[in-house]
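Read off the chains here:
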Amino acid sequence: MLTYANFHLTYILPVICVLALIVHPFINRSEIFKIGFISGIAVLYTTPWDNYIIMRGAWTFPADQLIAVIGYVPVEEYIFFVLQTVIVSLWHLLCARWSTPCLHFNHDKRSYQLIRWIPIAVLTAVMVTGYWISVPGTGTFYLGCIMWWIAPVYIFIWYGAGNYIVTKLTSSAVSVLVPTVYLCWIDQIALKANIWHINVGTSLNLFVAEDLPFEEALFFLLTSICVVLGLSCYDKARGMCETYSHEFPHRFGINLTYLNQMCRAFIKPEYAMSSVVTDDIKTSIEILREASKSFNAASFLFQSGIRLDLIILYAFCRVTDNIIDDETDVLRKKCKLNVIEKFVNELFADRKSDYDVKTVPYTAKVDWAYYQSELTGEEMASFRAVSRIAFYLPRKPFYELIAGYQWDIEGRLVRNEEDLLLYSSYVAGSVGTLCVYVMLYRCDNDVYDVFGEDDYVIEKARQMGRVLQLVNIARDIITDSETLGRCYVPTEYMDDEEQEIHILCNEKKPRSLGNKKLKKYSTRMIHLANKLQSDSVGAIRCLPRETRGSVLAATEIYRGLTSAIQSSQTYPTRASITKLERIFIGIYSLYVKSIQYVV
Ligand SMILES: CC(C)=CCC/C(C)=C/CC/C(C)=C/CC/C(C)=C/COP(=O)(O)OP(=O)(O)O
């Protein structure tokens, strides 16, 4: 016989287990706290109401099949409040985590107020109507109770997060509808099995489907919406904190300071915050999307705060690289490099040492008027975005990047593997270091453990950066030569150094070296990359747990390019892998390969 407890075991818990398995790489302390917090509120808010309507006879339960009853409500029912919240939350995480919160901020005051107040007026009317029609013993009792009970929660959430939610309608709708349909289906099973019974005297006796009373379908729809609204309101508040770190400076923690900050961020309308900040982020996202399919795909694997700052950093590296590359004249290139160096000097003016970082946001004194005249709008946006997160980053990697640009401007040759690794350290080892700082600062640990240059994890992160740069160089022999007249293949690999450098850097005709040679060079660099990779990948274990799978997947997606180069008969120009391959590598790394680093 299907009892209420068996019902949970058969229809609810297995679904939770499957969902938990799917979303586990994306679960962090903040997500767990969010689900726990909303479940707690669900229990607190629903308990008096459920007791009231059962007392008034809207539902009944066969007493002999229950574990226990507290007040008027079976224990299994209290458990259901939590289980439904957990199902909807896990499903919502899967549907809604893919976009960056600040992309959903509405900075226009007029439309913001309309979107905020019109639904609140309608909901107030619903609440009042519900109150009037919820006369005990009448056919509208159950419906009316649902209306006056749910509307105040909607009003409260809508006040702070309505504008955020309307821009996420598709993902919110999918988050609501799929669990609602499932819950309605199992509700029919429960009703048929007489696990609970709806009183015909206090309901409308309308049926949405066979054995599914209108109020039941409405109840599951509205409660699922309620959970999704609650989750979205948390996401909006967190998005505000991540986007406006200077106004909301506290890192995640389960304490009153952080909760107070989250409440402020929830109440604060986005139109009262600077739209320049979100516009700068949008520009950075656009730069990443256009520049690198691999890193764009990989960025989605990280939680939103980490993703946001990695995107800002990537855009800064890309923009500064282009500033130099786009100039044809060496003197102009040097002037541009000076502009970048001046900016970095200003950004880190008050640091005591190369790896000195701050834990509290502050505004660096940057001569923005000067950069306005030197940089394009896109470059300015990227500089401003990086200036807002620079407080927790060390200065050394930025100077290493500059040393890499200097190398390019001087047209310095890569003589041997030592040079190759030094260059890769400058342009990508530095990025690896910065990635670690981002992950440490933006992950949800209470403490911000700062590493220094000599730390094992920093050394290995630098090495992983070098690995990816070697892959990049091994893939780009043709484009580096044709578009930039550059060669990063160590000259010690070459049979005739002078002639081959001339072909690659002056004639810019790399194909005349022939496929065999090009493949030989790229294979040697790939072998070197693989050696360094196996030596550094273990350090992933030292990163915050919730980032390990994503880091592995991100680096593996990029390393996927090596198989595209090696599987080709010829040496391909800018080898790439398909979207499907990227997804496959991402999923395999996240769910299978990363197990050894996570457990
Ligand atoms: C192993 C540990 C402890 C940490 C890992 C730390 C990380 C994530 C290191 C990787 C750092 C990184 C992302 C370096 C960038 C390397 C690179 C080759 C960038 C090339 O960028 P684009 O040229 O824009 O890419 P495309 O090839 O897609 O155009």
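Residues numbered from 1 in each chain as written. Predicted model: local features only at pLDDT ≥ 70, side-chain atom pairs only at ≥ 80, totals over all residues. Heavy atoms only, no water.

Q: Would you mind going over the overall build of the protein chain with me for this structure?
A: Within the protein chain, the secondary structure is distributed over 23 helices and 6 strands. Across its three principal axes, the protein chain shows a C-alpha extent of roughly 95 × 50 × 40 Å. Out of the 599 residues belonging to the protein chain, those deemed buried represent 57%. By sequence separation, contacts in the protein chain at least 24 residues apart represent 77% of the contacts at least 6 residues apart. Summing over all exposed atoms, the protein chain offers an accessible surface of approximately 25,300 Å²; the carbon and sulfur share of this is 61%. For the protein chain, the separation between the mean place of its 57 positive charges and that of its 61 negative charges on side chains is 1 Å. (Helix = DSSP H or I, 4+ residues; strand = E, 2+ residues; numbered from the N terminus. Buried < 20%, exposed > 50% of the residue type's maximum accessible area, 1.4 Å probe, protein only. Contact = heavy atoms within 4.5 Å. Areas by Shrake-Rupley, 256 points an atom, 1.4 Å probe, with all protein chains shown as cover. Lys, Arg positive; Asp, Glu negative; His and termini not counted. Charge placed at Lys NZ, Arg CZ, Asp CG, Glu CD.)

Q: How should the site of the ligand be read in this particular structure?
A: Inspection of the region around the ligand gives 23 residues, with S292, Y314, R318, R475 and Y558 positioned closest. Here S292 contributes a side-chain N or O atom positioned 2.6 Å from an oxygen atom of the ligand. Between the ligand and N472 there is a distance of 3.1 Å, counted from an oxygen atom to a side-chain nitrogen or oxygen. Protein contacts shield 90% of the accessible area of the ligand, which totals 760 Å² for the unbound molecule. Here the element with the most residues in the shell around the ligand is helix α17 (residues 456-475); it accounts for 8 residues. (Near = heavy atom within 4 Å. Polar contact = N/O pair within 3.5 Å; in protein donor to acceptor, adjacent residues only side chain to side chain.)

Q: Got a minute to help me understand the pattern of salt bridges in this structure?
A: It is possible for side chains bearing opposite charge to pair when their charged atoms get close. Going through the model one piece at a time under the given rule, you end up with 26 salt bridges. A salt bridge links R395 to D354, with the shortest nitrogen-to-oxygen separation between them at 3.0 Å. Of the two residues, R395 sits in the loop between α14 (377-389) and α15 (396-410) while D354 sits in the loop between α12 (330-347) and α13 (368-374), which places them 41 residues apart along the sequence. The exposure class assigned to D354 is partly exposed, which follows from its relative accessible area of 29%. Across the pair R559 and E556 runs a salt bridge, and its minimum N-O distance is 3.0 Å. With R559 and E556 both in helix α21 (residues 545-567) and 3 residues apart, this pair spans about one turn of that helix. Residue E556 is classed as buried on the basis of its relative accessible area, which comes to 8%. (Salt bridge = Lys/Arg side-chain N within 4 Å of Asp/Glu carboxyl O.)

Q: For this particular structure, what's the right way to read the domain arrangement of the protein chain?
A: How big an interface is tends to be stated in terms of the accessible area lost upon association of its parts. As assigned here, the protein chain comprises domain 1 (4-272) and domain 2 (276-598). Summarising the inter-unit geometry, the C-alpha centres of domain 1 and domain 2 are found 43 Å apart. Opposite the 29 residues of domain 1 that make contact, domain 2 presents 30 residues. Looking at the side of domain 1 facing domain 2, the largest losses of area belong to E242, H246 and R251, adding up to 28% of the total buried there. There are 1 salt bridge connecting domain 1 and domain 2. Taking the shortest distance from any N to any O, the salt bridge between D444 and R238 comes out at 2.9 Å. Inspection of the region where domain 1 meets domain 2 yields 16 residue pairs in polar contact (both at pLDDT 80 or more). (Domains from an automatic or database assignment. Buried area = accessible area lost by both parts, 1.4 Å probe.)

Q: What exactly am I supposed to notice about the UniProt feature "transmembrane region" (unreviewed entry) in the protein chain here?
A: Those places that UniProt annotates as "transmembrane region" (unreviewed entry) correspond, in this numbering, to residues 6-23, 35-58, 78-96, 117-135, 141-161, 173-197, 217-234 and 420-440. Helix makes up 89% of residues 117-135 and strand makes up 0%, while its end C-alpha atoms are separated by 29 Å. (UniProt positions renumbered as here; feature names shortened; annotations may be inferred.)

Q: Just checking my understanding: could you explain the packing of helix α6 (residues 169-192) against helix α7 (residues 214-243) for this structure?
A: How two helices pack is summed up by the angle between their axes together with the distance between the axes. Here α6 crosses α7 at 145 degrees, and the two axes come no closer than 9 Å. Between α6 and α7 lies a crossing whose hand is right-handed. For the pair α6 and α7, the contacting residues are S172, S175, V176, L177, T180, L183, C184, D187 and L191 in the first and E216, A217, F220, L221, S224, I225 and V228 in the second. Across the contact of α6 with α7, the residue classes break down as 10 nonpolar, 4 polar and 2 charged. (Axes fitted to C-alpha atoms, helices over the stretch in contact; angles between N-to-C directions. Left-handed = near helix turned anticlockwise from the far one by under 90°. Nonpolar A, V, L, I, M, F, W, Y, C, P; charged D, E, K, R; others polar.)

Q: How do you make sense of unusual backbone geometry when you look at a structure like this?
A: Working note: non-glycine residues mostly have negative phi, and peptide bonds are mostly trans. The backbone phi angle of N194 is positive, close to 60 degrees, even though this residue is not glycine. Topologically, N194 is positioned in the loop between α6 and β4 (197-198). Take N194: its relative accessible area is 36%, and that puts it in the partly exposed class. Phi angles above zero are rare outside glycine, and R574 is one such case at about 45 degrees.

Q: Help me understand the packing of α12 against α14 in this model?
A: At their nearest, the axes of α12 and α14 sit 11 Å apart, and the two run at 25 degrees to each other. The angle between α12 and α14 places the two elements in the roughly parallel class. α12 and α14 meet at a crossing whose hand is right-handed. Here α12 contributes I340, F343 and L347 to the contact with α14, which in turn contributes F383, V386 and S387. For the contact of α12 with α14, the class distribution of residues is 5 nonpolar, 1 polar and no charged. (Parallel < 35°, antiparallel > 145°, perpendicular 65-115°, else oblique.)

Q: Would you take a moment to explain the packing of aromatic side chains for this structure?
A: The geometry of an aromatic ring pair comes down to the distance between the two centres and the angle between the two planes. In the structure shown here, the tally under the stated rule is 52 aromatic pairs. Ring geometry for F343 and Y371: centres 5.6 Å apart, planes at 85 degrees, overall edge-to-face. Of this pair, F343 sits in helix α12 while Y371 sits in helix α13, placing them 28 residues apart in sequence. When its relative accessible area of 0% is taken as the criterion, Y371 is described as buried. Taking 5.4 Å as the distance between ring centres and 85 degrees as the angle between the ring planes, the aromatic pair formed by F391 and Y441 counts as edge-to-face. Pair noted here: F391 is in the loop between α14 and α15 and Y441 is in helix α16 (residues 417-442), with a separation of 50 residues, a long-range link. In terms of burial, F391 and Y441 fall into one category: buried. Over the aromatic face of W98 sits the side chain of R97, whose NZ or CZ is 4.7 Å from the ring centroid. The residue whose ring lies beneath R412 is W407, and the NZ or CZ to ring-centre distance is 3.7 Å. (Phe/Tyr/Trp six-rings, centres within 6.5 Å; stacked < 30°, edge-to-face > 60°. Lys NZ or Arg CZ within 6 Å of the ring centre and 35° of its normal.)

Q: Would you explain helix α9 (residues 275-291) in this entry?
A: Given 3.6 residues per turn, any residue in an α-helix points the same way as the ones three and four places further on. Look at α9: 24 Å from first C-alpha to last across 17 residues, which is about the 24 Å you get at 1.5 Å a residue. When α9 is considered as a whole, its buried residues turn out to be V277, T278, D280, I281, S284, I285, I287 and L288. Residues of α9 that are buried make contact with α7, α10 (293-299), α11 (304-326) and α14. (Expected span 1.5 Å × (residues − 1).)

Q: Help me understand the nonpolar core in this model?
A: Soluble globular proteins: nonpolar side chains tend toward being buried together. Core analysis: the biggest nonpolar cluster contains 185 residues, and F7 and W196 have the highest contact counts within it. Per-element tally for this core: the top contributor is helix α5 (residues 141-166), with 16 residues. Both of domain 1 (4-272) and domain 2 (276-598) provide at least three residues apiece to this core. Among all residues touching F7, those that are not within four sequence positions of it are L2, I12, F80, I186, A190, I195 and W196. (Core = buried A, V, L, I, M, F, W, Y, C linked by side-chain atoms within 4.5 Å.)

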